[in-house]
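Next come the chains, spelled out residue by residue.
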Amino acid sequence: MLAIGLMSGTSLDGVDCVLVDIDGVDESTRVELREFITYPMPDATKARILEAVAPGGGDSRLLCSLHAELGHLFSRAVAAVCEKAGVAPGDVAFVASHGQTIWHEPGASRDYADGSRFHAGTLQLGDAAAIAFDHNIRVVYDFRAMDVAAGGQGAPLVPFSEIVLYGSTEHNRVLLNIGGIGNVTVLPRGSRAGDVFAFDTGPGNMAVDEACRRLFGVEYDEGGRVTARGRVDEGVLAELLKHGFFGMEPPKSTGREMFGMQFVEEFLAAHPQMDPEDAVATLTEFTAASVADACERFVAPRLDGELDELIVGGGGAHNATLVTRIAARMPNTHVCTQDELGYSSDAKEAVAFAVLGNQTLSGRPSNVPSATGACESVVLGSVINPPRSR
């Protein structure tokens, strides 16, 4: 059957939208990519998201409006991928929409001295009803909440799809996704779901992109060319790597609240004399070093030191300088991009959510507790049925 997967990540570089042919369930799932687009995100929408995700920045009215605005944006992305593929929306069985993460702070809830309570959770915006109404289609959405309710981090959720698509009987593989945040899924050779583990490594493109916006007026470091001209400040890098997140044991996850706008503001304020190109180069090396450190500290020991392949996907796979720097820090591992293996780096996460949506509609779990820290396997997501008979 035909299905659509939608993913709008923390890097805010557009809405990734795939049309796939999918059949089967659990580890017998088979997926064929039929079409992929990155639907542009208007600058004004991006600005409103950045306002909403800033600590203390999003009031109730903004969040409500943005929820509707993103729902209509995602609906237009569905129409666009169908048009490009020459497929009528009525021929699509379902849409799986990740939504736009506004805040992600899982883990333990805590009580304050004044008697109030902070409840850990995760919030993704993008009204699925807009998609369902516009296209008279079933929509699966809000994938992370059930894992958090089960005591998990609500992330990373892609490991299930990676078992299906990338498992190997010959090699110990690590799938590295570099979006706004970096995350790895570790696939021991011949692994099944219980053998797989995954976690966020720390910053991906997020800090570099923010620095590029502030220092050069561009949205990202295209191809890593700014980084290639800069010089890494090793002393500053060493200080950055002392961040408490890196010493935390997996499972763990992070987001914009830790390595986003505020982090970059503090970094630039602490080093006002640093050359702009050096600042971007140092932040890029920060991502590369955090990935290599995570693999050395938490991955290699569980593979008896045999980390055969690191396969890079996500937007960061197009930053040749970043990929080269990761490879330089991992000389005993074959580092390559998904595109080099015949897969699409850009489409990876949108495909993953199509797989997760298929699991939801089959009544089958798709979180991997060894990756998220949940107490059990659970069925993810909520479902909106078509508003009219089909």
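Residues numbered from 1 in each chain as written. Predicted model: local features only at pLDDT ≥ 70, side-chain atom pairs only at ≥ 80, totals over all residues. Heavy atoms only, no water.

## A word on helix 11 (residues 276–299)
The α-helix winds at 3.6 residues per turn, so residues separated by three or four positions along the chain end up facing the same way.
Line of reasoning, step 1. With 24 residues, helix 11 extends 34 Å between its outermost C-alpha atoms, agreeing within 8% with the 34 Å of an ideal straight helix rising 1.5 Å per residue.
Line of reasoning, step 2. Burial analysis of helix 11 places 19 of its 24 residues in the buried class, which makes it a mostly covered element.
Line of reasoning, step 3. The backbone nitrogen of Glu277 has a side-chain oxygen 2.9 Å away, supplied by the residue at the start of helix 11, namely Asp275. (Helix = DSSP H or I, 4+ residues; strand = E, 2+ residues; numbered from the N terminus. Expected span 1.5 Å × (residues − 1). Buried < 20%, exposed > 50% of the residue type's maximum accessible area, 1.4 Å probe, protein only. Polar contact = N/O pair within 3.5 Å; in protein donor to acceptor, adjacent residues only side chain to side chain.)

## Observations regarding the packing of helix 10 (residues 261–270) against helix 11
Line of reasoning, step 1. Contact pair helix 10 / helix 11: the axes reach a minimum separation of 12 Å and the direction vectors enclose 130°. Judged on the interaxial angle alone, helix 11 and helix 10 are oblique. Helix 11 is crossed by helix 10, and the crossing has right-handed handedness. Residues Phe263, Phe267 and Leu268 of helix 10 form the contact with helix 11, whose own contacting residues are Ala279, Leu283 and Phe286.
Line of reasoning, step 2. In the contact of helix 10 with helix 11, the residues fall into six nonpolar, no polar and no charged. (Axes fitted to C-alpha atoms, helices over the stretch in contact; angles between N-to-C directions. Parallel < 35°, antiparallel > 145°, perpendicular 65-115°, else oblique. Left-handed = near helix turned anticlockwise from the far one by under 90°. Contact = heavy atoms within 4.5 Å. Nonpolar A, V, L, I, M, F, W, Y, C, P; charged D, E, K, R; others polar.)

## A closer look at the pattern of salt bridges
Line of reasoning, step 1. For the coordinates displayed, the defined rule picks out 21 salt bridges.
Line of reasoning, step 2. Between Glu309 and Arg173 there is a salt bridge, with the nearest N and O atoms lying 2.6 Å from each other. On the criterion of sequence distance, the pair formed by Glu309 in strand 12 (residues 309–313) and Arg173 in strand 9 (residues 173–178) is long-range, its members being 136 residues apart. With respect to burial, Glu309 and Arg173 carry one shared label: buried.
Line of reasoning, step 3. Here Arg297 and Asp293 are joined by a salt bridge, their closest N and O atoms 2.9 Å apart. Remark: Asp293 and Arg297 occur in helix 11; sequence separation between them is four residues, near one turn of the helix.
Line of reasoning, step 4. On the basis of relative accessible area, Arg297 is assigned to the partly exposed category, the value being 40%.
Line of reasoning, step 5. Take Asp293: its relative accessible area is 23%, and that puts it in the partly exposed class.
Line of reasoning, step 6. Where salt bridges share partners, they join Lys46, Glu210, Arg213, Arg214, Glu219 and Glu265 into one cluster. (Salt bridge = Lys/Arg side-chain N within 4 Å of Asp/Glu carboxyl O.)

## Structural notes on unusual backbone geometry
Line of reasoning, step 1. For the bond from Ala155 to Pro156, the omega torsion is -10°, close enough to zero to count as cis.
Line of reasoning, step 2. Note on placement: Pro156 falls in the loop between helix 4 (145–149) and helix 5 (159–166).
Line of reasoning, step 3. Phi is positive for Asp142, close to 55°, though the residue is something other than glycine.
Line of reasoning, step 4. Structurally, Asp142 is set in the loop between strand 8 (138–141) and helix 4.
Line of reasoning, step 5. Using a relative accessible area of 28% as the deciding quantity, one classes Asp142 as partly exposed.

## Some words on the environment of Trp103
Line of reasoning, step 1. Considering the arrangement of structural elements, one finds Trp103 in strand 4 (residues 92–105).
Line of reasoning, step 2. Not counting residues up to four positions away in its chain, the partners in contact with Trp103 are Val53, Pro55, Thr122, Leu123 and Glu257.
Line of reasoning, step 3. A distance of 2.8 Å separates the side chain of Trp103 from the side chain of Glu105, its partner in a polar contact.

## Comments concerning the pairing of strand 2 (residues 15–23)
Line of reasoning, step 1. By the criterion of burial, strand 2 is predominantly enclosed, with seven of the nine residues buried.
Line of reasoning, step 2. As judged from the six bridges shared by strand 1 (residues 2–8) and strand 2, these two strands associate in the antiparallel manner. Bridge pairing in strand 2 places Leu2 opposite Asp21.
Line of reasoning, step 3. The turn linking strand 1 back onto strand 2 is made up of six residues, and Leu12 within it adopts a positive phi angle of 60°.
Line of reasoning, step 4. Across nine bridges, strand 2 lies against strand 3 (residues 30–39) in antiparallel orientation. What sits directly across from Ile22, in strand 3, is Val31.
Line of reasoning, step 5. In this structure, the hairpin formed by strand 2 and strand 3 is closed by a connection of six residues, where Gly24 is found at a positive phi of approximately 85°. (Pairing = 2+ DSSP bridges.)

## Overview of the packing of aromatic side chains
Line of reasoning, step 1. Going through the model one piece at a time under the given rule, you end up with 10 aromatic pairs.
Line of reasoning, step 2. Measuring from centroid to centroid gives 6.0 Å for Phe245 and Phe246, while their planes differ by 80°, and the two rings are edge-to-face.
Line of reasoning, step 3. For Phe245, a relative accessible area of 1% gives the class buried.
Line of reasoning, step 4. The class of Phe246 is buried, set by a relative accessible area of 3%.
Line of reasoning, step 5. Measuring from centroid to centroid gives 6.2 Å for Phe259 and Phe286, while their planes differ by 65°, and the two rings are edge-to-face. Placement of the pair is Phe259 in helix 9 (residues 256–259) and Phe286 in helix 11, with a sequence separation of 27 residues. (Phe/Tyr/Trp six-rings, centres within 6.5 Å; stacked < 30°, edge-to-face > 60°.)

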